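Residue strings, one per chain:
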Amino acid sequence: MFDVIRRRIAAIALWTRRHRYRCGASLSRWTRAWRYPAGRLSADEAQRLMLDCRYPAGWHPLLVLTVEDTLKLAREEIADHPDLHRLIANGCARVGDKWEPYYGELLEARCWAINFAKNYAVDEGITFVLLNDEPDSNL
């Protein structure tokens, strides 16, 4: 008799957990969906939205060019500057629109984005301090 009661309680607990999880996940999706047209998505929410849409869209990228990874690479070459993040983001946007990968060279795409950021800095009159000893003729 006690086994039947325990199984019933376990089944109800499982149903409750599953229902709570589904409601929480649905609420999160509705919140992201509302913030999208309102223009209030954070970077994390925008990335989550892209991931949510990836499977239904049949989109399975092997390489992802991100601003953060490119910024890390740029900081190995360029001293930190207040405009560096913005210029790297602009460079990544340009490379992302133009890049046609061959042999999966994500590092090359990041370097290309950094070069665009350097060129944008020159156009805006911004001087980056390079971390290596060799002066860059473009800056």
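Residues numbered from 1 in each chain as written. Predicted model: local features only at pLDDT ≥ 70, side-chain atom pairs only at ≥ 80, totals over all residues. Heavy atoms only, no water.

A. How the structure looks around the nonpolar core. Ranked by internal contacts, the top residues of the largest apolar core, which has 18 residues, are Ile 78, Leu 84, Leu 87, Ile 88 and Phe 128. At the level of secondary structure, the elements contributing two or more residues to this core comprise helix H3 (67–75), helix H4 (84–98) and helix H5 (106–123). No other element matches H5, which puts seven residues into this core. Residues within four places of Leu 84 in sequence aside, it is in contact with Leu 71, Arg 75, Ile 78, Ala 79 and Phe 128. (Core = buried A, V, L, I, M, F, W, Y, C linked by side-chain atoms within 4.5 Å. Buried < 20%, exposed > 50% of the residue type's maximum accessible area, 1.4 Å probe, protein only. Helix = DSSP H or I, 4+ residues; strand = E, 2+ residues; numbered from the N terminus. Contact = heavy atoms within 4.5 Å.)

B. View of the pattern of salt bridges. One pass over the full model with this rule turns up nine salt bridges. With a shortest N-O distance of 3.6 Å, Asp 83 and Arg 86 are connected by a salt bridge. By relative accessible area, which is 24% here, Asp 83 ends up partly exposed. Of the charged contacts, one joins Glu 124 and Arg 86 as a salt bridge, the two residues approaching to 2.8 Å between their closest N and O atoms. One end of the pair, Glu 124, is in the segment after H5; the other, Arg 86, is in helix H4, and 38 residues separate them in sequence. Given a relative accessible area of 43%, Glu 124 falls into the partly exposed group. (Salt bridge = Lys/Arg side-chain N within 4 Å of Asp/Glu carboxyl O.)

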